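Commentary on secondary and tertiary structure
One letter stands for each residue in the lines below.
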Amino acid sequence: MFAAERRQLILEMVRANGAVSLRELARVVQTSEVTVRRDVRALEAEGLLDRRHGGAVLPGGFTRESGFPQKSHLATAEKTAIADLAAGLVEEGEAIVVGAGTTTQELARRLARVPGLTVVTNSLLVAQALAHANRVEVVMTGGTLRGSNYALVGSGAEQSLQGLRVSRAFLSGSGLTAERGLSTSNMLSASVDRALVQAAAEVVVLADHTKLGTDTMFQTVPTDVITRLVTDEPPAHDDRAATELQALADQGVQIAVAGSAAAAGGGDTAPAGRQSRRDMPLPGQRRGQVPGGGPQLRSTTALGEQQPGERARVADLRRR
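Residues numbered from 1 in each chain as written. Predicted model: local features only at pLDDT ≥ 70, side-chain atom pairs only at ≥ 80, totals over all residues. Heavy atoms only, no water.

On to the environment of Q128. One can find Q128 in helix 7 (residues 124-130). When the C-alpha positions of Q128 and Q105 are compared, they lie 9.0 Å apart, and in sequence the two are 23 residues distant. (Helix = DSSP H or I, 4+ residues; strand = E, 2+ residues; numbered from the N terminus.)

See the structure below:
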């Protein structure tokens, strides 16, 4: 197949699905992922699509939201690493809210092992992941089912959250910038996410590096409301993600960076079966800050002492 034919087919697949992984593109056009990546780069230069880590999406994130099938195949290794790290923030007997999304679904699968937990959610996928968990109580909001992401939205969902108070909210979204915070492409989803935030004492955003620097239509969580961000290691060439991380840190957001074989990009890796992590020093006085130092992140292991062999190091993105 000639390059022009490949690129036309790639473009047609992305237009039909909203987002497609490089692996799937390579399978359909019957070539290597290296060749497909080169084609995607050329199509992006023409403004016909946008590259994302591990795939391609339609341009113009302000107007288009990918459906769950497409999202579930993008940055899967990174989402797994983020979920592993975020699960370490949850303690036995805690009450939390978990929003809709493919990353929060991965988190829910790990929360099934936390005894005495109460999880409030508007996501059918999160509830399903916890349905058979021992000693985990799941509370569903009301609302109207939004089929594209299996979430309950609308006034029913928002009203069911009134008067609720929990320790933490775990949310994902379509984009995250230091200027506007977390955002999404759907108005109804944004409204419910804002209600979830109102119910929580602190807000934890789960966002892989492909969402860093991306801005979409509806703001859900302003930057000054985000307590901490759990993300993955941006590739060395991804200056946009690194710059956005530093900007978020400068505004006082506590940042934990999870490493994985796919996401670490040649950096430090953890022993088998354990995720590595980076704690980033945050300039300026803000919540959780200890005298004479930056805000402290609790470890992935037990939110206290590190287990032997765990490695953590300070990352200064301005030196990247």
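Where helix 5 (residues 76-87) meets helix 6 (residues 102-111), the axes come as close as 8 Å, and the angle between the chain directions of the two elements is 50°. Classified by the angle their axes make, helix 5 and helix 6 are oblique. With respect to the hand of their crossing, helix 5 and helix 6 are arranged in right-handed fashion. Only T102, T103, E106, L107, R110 and L111 of helix 6 make contact with helix 5, whose side of the interface consists of K79, T80, I82, A83, D84, A86 and A87. Tallied by class, residues from the contact of helix 5 with helix 6 come to six nonpolar, three polar and four charged. (Axes fitted to C-alpha atoms, helices over the stretch in contact; angles between N-to-C directions. Parallel < 35°, antiparallel > 145°, perpendicular 65-115°, else oblique. Left-handed = near helix turned anticlockwise from the far one by under 90°. Contact = heavy atoms within 4.5 Å. Nonpolar A, V, L, I, M, F, W, Y, C, P; charged D, E, K, R; others polar.)

Ranked by size, the top nonpolar core spans 30 residues in total, and within it L176, V205, L229, L248 and I255 carry the most contacts. In this view, L248 contacts L176, T177, A178, L212, T223, L229, V253 and I255; residues no more than four positions away in its chain are not counted. Formed by 26 residues, the second largest nonpolar core is a distinct cluster that contains A86, L111, L117 and V230. (Core = buried A, V, L, I, M, F, W, Y, C linked by side-chain atoms within 4.5 Å. Buried < 20%, exposed > 50% of the residue type's maximum accessible area, 1.4 Å probe, protein only.)

Secondary-structure assignment places I10 in helix 1 (residues 3-17). Other than its neighbours up to four places away in sequence, I10 contacts L25, V29, V36, D39, V40, L43 and L49.

Strand pairing in a sheet relies on backbone hydrogen bonds. The paired strands run either parallel or antiparallel. The sheet built from three strands is open, its strands ordered 10-11-13 with antiparallel pairing. A single partner strand is all that each edge strand has here, and the edge strands are strand 10 (175-177) and strand 13 (218-221). Neighbour to neighbour, the strand axes of the sheet diverge by 40° on average, direction disregarded. Two strands pair when backbone bridges link them, and strand 11 (residues 181-184) and strand 13 are joined in this way by three bridges, in the antiparallel orientation. (Pairing = 2+ DSSP bridges.)

Do not read the fine detail of predicted coordinates wherever pLDDT is low. Summing up the model confidence of the chain, the mean pLDDT is 77 and the portion of residues at 70 or higher is 75%. Taken together, the stretch residues 68-73 has pLDDT below 50 and engages in 14 contacts with residues farther than four places along the chain or on a different chain. In this model, residues 260-320 is a region of pLDDT below 50 whose contacts with residues beyond four sequence positions or in other chains number 127 contacts. (pLDDT = per-residue confidence, 0-100.)

To continue, consider the pattern of salt bridges. Enumeration over the complete set of coordinates arrives at eleven salt bridges. The partner of R180 in a salt bridge is D215, with the nearest N and O atoms 2.6 Å apart. Here R180 is found in the loop between strand 10 and strand 11, whereas its partner D215 is found in the loop between strand 12 (200-206) and strand 13, with 35 residues between them in sequence. For R180, a relative accessible area of 22% gives the class partly exposed. Here D215 falls in the partly exposed class, since its relative accessible area comes to 21%. R228 serves as the salt-bridge partner of E202, at 2.8 Å between the closest nitrogen and oxygen. In this pair, E202 sits in strand 12 while R228 sits in strand 14 (residues 228-232), placing the two residues 26 residues apart along the sequence. By relative accessible area, which is 18% here, E202 ends up buried. Relative accessible area serves as the criterion here: at 5%, R228 is assigned to the buried category. Ionic contacts of the salt-bridge type, sharing partners, join the residues D84, E106, R109 and R110 into one network. (Salt bridge = Lys/Arg side-chain N within 4 Å of Asp/Glu carboxyl O.)

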